[in-house]
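Spelled out from the first residue to the last, the chains are:
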Amino acid sequence: MEDLQFESCTAPAKAPPVIGQCVLHVLAKAPAHPRTSVQQLITAHGAVSFLLALKLFLHKHIPKNRIVPGPQDRFDVFRQVVIGALPDPQVGESPRRWRIRATPEVPPGPGRKPGSPAKFDMALINNGGWTTNIQTLDGAQVAQVRVIFTLPRQFGTYSRALAYIEWFTPFREPDPFSGLLQVSRSTRPLHQNAAVIHVDEILRPCHLIPRMGQSINPGWTSANAYELATDFYLNTFIDLDTFCIFAIT
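Within any chain, residue numbers begin from 1 and follow the written order of that chain's sequence. With the structure being a predicted model, the display of local features is reserved for residues of pLDDT at least 70 and the display and counting of side-chain atom pairs for 80 or more, all residues being used for whole-chain, interface and lining totals. Hydrogens and waters are ignored; side-chain quantities use all the structure's heavy atoms.

Colleague: I'd like a description of the sheet that holds strand S17 (residues 231-234), backed by residues and values.
Modeller: Pairing between strands is defined by DSSP: at least two bridges between the two strands are required. Helix numbering and strand numbering both begin at the N terminus, where a helix is a DSSP run of H or I of at least 4 residues and a strand a DSSP run of E of at least 2. Spatially, 3 strands are ordered S11-S17-S16 in an open sheet, and the strand pairing comes out antiparallel. On the outer flanks of this sheet lie strand S11 (182-184) and strand S16 (208-210), each paired with one strand and no other. Averaged over all adjacent pairs, the angle separating strand axes in this sheet is 40 degrees, with direction ignored. As paired elements, S16 and S17 share 3 bridges and run antiparallel to each other. Bridge pairing in S17 links Leu208 to Leu234. The convention used is that axes are lines fitted to C-alpha atoms, helices contributing only their stretch in contact, and that angles between N-to-C directions extend from 0 to 180 degrees.

Next comes the structure, spelled out in structure tokens:
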């Protein structure tokens, strides 16, 4: 079990408080993979647009920075972020705790040591400013989290952890048969629509169900379905907490 520390509360000091919605994002005290190369992020995490997304992030959030990120840079990478939130009275009295994982595939080791599949979790992201409420879907958009990392020192002192994500489209009308909201992979010419965001913009995990169509592709497995499918349903029945969100939305 990784040793964890509190990183930040969701809303910065200057943001208007959302009563009862303080969310803590927790990272390990030390990165699981220090000084990871850009090439490793591309090959192991599938972060093919990492440098482009990071350049856009730096331009927006650190406009005085004059250093252009390149393949020579290395980044401290974390396995997961743990999110803690106050109890939801509709669900129970216990504080809520979720984790968002961004871990590449681990191949089998010597002898009988098993490997493990990649885990790049789906999450709801705050894409609508600090007014987003974790009890509703207002201002939230689905994304897949591929890298959780911090900026190296050459970019200056920046205390907030970051995440490289791949966006899905905004929610479409519910499917007429299942009643589930629909999303698709968001793409730009020749690549996924990716971005670098603050880790504390991640609201909570979510679960997507690939849309199968009239027949099931025999090449799909639990390890690759998310990568091969393009259209999905948002699973609102995955847990009571998620179900209650949609009961009041």
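Text resumes after the structure shown.
Colleague: For the side chain of His198, give the residues involved together with the corresponding values.
Modeller: Position of His198 among the secondary structure elements: in strand S14 (residues 194-198). In terms of polar contacts, His198 uses its side chain to reach the side chain of Arg160, at 3.4 Å. Throughout, a contact is declared for two residues whenever any of their heavy atoms are within 4.5 Å. Every residue in contact with His198, bar those within four places of it in the chain, is listed here: Phe57, His61, Tyr158, Arg160, Ala161 and Leu162. Polar contacts, as counted here, are pairs of nitrogen or oxygen atoms within 3.5 Å of one another; within protein the pair requires one atom able to donate a hydrogen and one able to accept it, and residues that are adjacent in sequence qualify only if both atoms are side-chain atoms.

Colleague: How would you explain the pairing of strand S6 (residues 96-103) if you had to name every residue and give the values?
Modeller: Two faces, one strand: in a regular strand the side chains alternate between the faces of the sheet. Note that strand S5 (residues 80-85) and S6 share 6 bridges and pair antiparallel. The partner of Val81 across the bridge, within S6, is Ile100. By the bridge criterion, 2 bridges tie S6 to strand S7 (residues 119-120) in an arrangement that is antiparallel. If you follow Ala102 over to S7, its bridge partner there is Phe120.

Colleague: Can you lay out the confidence of the model for the chain for me, pointing to particular residues and giving the numbers?
Modeller: The predicted coordinates ought not to be read in detail in places where the model reports low pLDDT. In this model, the chain carries an average pLDDT of 85, and 87% of its residues clear a pLDDT of 70 or more. Throughout residues 1-20 the model reports pLDDT below 50, and contacts reaching past four residues in sequence, or to other chains, amount to 44 contacts. Predictor confidence is given residue by residue as pLDDT, running from a minimum of 0 to a maximum of 100.

Colleague: Outline the pattern of salt bridges, listing residues and values.
Modeller: Pairing between side chains of opposite charge can happen when the charged atoms of each approach one another. We count a salt bridge whenever a side-chain nitrogen from Lys or Arg sits within 4 Å of a carboxyl oxygen from Asp or Glu. Inspection of every chain in the model, using the stated rule, returns 8 salt bridges. Measuring nitrogen to oxygen at the nearest pair gives 3.1 Å for the salt bridge that ties Glu166 to Arg146. Of this pair, Glu166 sits in strand S10 (residues 162-167) while Arg146 sits in strand S9 (residues 140-150), and the two are 20 residues apart along the sequence. Classification of Glu166 by relative accessible area gives buried; the value is 2%. Here Glu227 makes a salt bridge to Arg146, at a shortest N to O gap of 2.5 Å. The cut-offs for exposure are 20% and 50% of the maximum accessible area for each residue type, with area from a 1.4 Å probe on protein chains only; residues under the lower value are buried, those over the upper are exposed, and the others partly exposed.

Colleague: Lay out the side chain of Thr103 with the relevant residues and their values.
Modeller: The topology assignment puts Thr103 in strand S6. For Thr103, the contacting residues outside a window of four places in its chain are Arg79, Ala118, Lys119 and Phe120.

Colleague: Help me get a handle on a nonpolar patch on the surface, residues and values and all.
Modeller: Like-charged residues are merged into a patch within 9 Å and nonpolar side chains (Val, Leu, Ile, Met, Phe, Trp, Tyr) within 5 Å, provided each residue has over 30% relative accessible area and no salt bridge. Accessible surface is estimated by sampling points in the Shrake-Rupley manner with a 1.4 Å probe; for residues, cover comes only from the protein chains shown. A cluster of nonpolar side chains, namely Val91, Phe237, Leu240 and Phe243, defines an oily patch on the protein surface of about 390 Å² accessible area. With respect to the secondary-structure elements, Phe237 resides in the loop between S17 and helix H4 (240-248).

Colleague: Explain unusual backbone geometry to me, using residue names and the numbers behind them.
Modeller: At Arg35, a residue that is not glycine, the phi angle is positive and equals roughly 55 degrees. Examined against the element boundaries, Arg35 turns out to sit in strand S3 (residues 33-37).

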